[in-house]
Amino acid sequence: MTTTSNPTTTVRPFRPGDLSHLLPLNNAAVPAVNELSAEELLDLIGQSLVCLVAAIDEQPVGFLLSISDGADYGSANYRWLSENVSNFSYTDRICVDESRRGLKIGEKLYNALFDQLKDTGRSFVCEVNSRPPNPGSLRFHQRLGFEEIGTADHGEKAVVFLRKDPLDAAE
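Residues numbered from 1 in each chain as written. Predicted model: local features only at pLDDT ≥ 70, side-chain atom pairs only at ≥ 80, totals over all residues. Heavy atoms only, no water.

### Section: the side chain of K164
Move 1: Within the element layout of this structure, K164 appears in strand β7 (residues 158–164).
Move 2: A polar contact is formed between the side chain of K164 and the backbone oxygen of L144, at a distance of 2.9 Å.
Move 3: Residues contacting K164, with those up to four places away along its chain left out, are F114, S123, F124, L144, G145 and F146. (Helix = DSSP H or I, 4+ residues; strand = E, 2+ residues; numbered from the N terminus. Polar contact = N/O pair within 3.5 Å; in protein donor to acceptor, adjacent residues only side chain to side chain. Contact = heavy atoms within 4.5 Å.)

### Describing the pairing of strand β2 (residues 50–56)
Move 1: Here β2 lies mainly inside the structure; seven of its seven residues are buried.
Move 2: Across the two faces of β2 the burial is the same, with V50, L52, A54 and I56 and C51, V53 and A55 all buried.
Move 3: As paired strands, strand β1 (residues 9–13) and β2 are joined by five bridges and run antiparallel to one another. Counted as the bridge partner of R12 is V53 from β2. (Buried < 20%, exposed > 50% of the residue type's maximum accessible area, 1.4 Å probe, protein only. Pairing = 2+ DSSP bridges.)

### A look at the state of the cysteines
Move 1: Tallied over the full model, the rule gives zero disulfides.
Move 2: Just so you know, C95 is unpaired, no disulfide at all, and the nearest cysteine sulfur is the one on C51, 9.8 Å from it.
Move 3: Given a relative accessible area of 1%, C95 falls into the buried group.
Move 4: Here C126 stays unpaired: no disulfide links it, and the sulfur of C95, its closest cysteine neighbor, is 13 Å away. (Disulfide = S-S within 2.5 Å.)

### A look at the nonpolar core
Move 1: Within the largest apolar cluster, 28 residues are counted, with the highest numbers of intra-cluster contacts made by L22, L41, I45, F63, L81 and Y90.
Move 2: Top element by residues in this core is helix α1 (residues 19–28). It accounts for four residues.
Move 3: With residues up to four places along the chain from it excluded, the contact list for I45 reads F14, L19, L22, C51 and L65.
Move 4: Membership of the second largest hydrophobic core comes to 23 residues, among which are L109, Y110, L113 and F124. (Core = buried A, V, L, I, M, F, W, Y, C linked by side-chain atoms within 4.5 Å.)

Put into structure tokens, the structure is as follows:
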């Protein structure tokens, strides 16, 4: 792909017509995230605190799905966070079209999340795979100010838990 300029990325809330674009983005990101059916992804979006979509020319090229503390979510990682952190926004998944990497889409999604939830007192939490390793995601999250708060070993997978302090309007 040859381009002479960076395309403009907009970040907006999820719209029902986005599902057909987000499902392939999600499933292309396995094993960093788990594979989902359309129904499972729609259910997850339905119980999310925030689902943000990054689009270029109205075409979704990435998304970030965040779940609030207190949700009825069966993920072992979410349970660990619920037992160890309160008042949080849990990034369950962030997926970006591989052909659009390098355009800072993930950073734009997170900045929109931070902006939307500033002044709520919520900390931002997530996990990154340490087995299989995902060093790029770990560096990305650390660059955004996330710090390690724990680890878990689930057998075939192991993760490191990360947290970023709540934001206020002054930041």
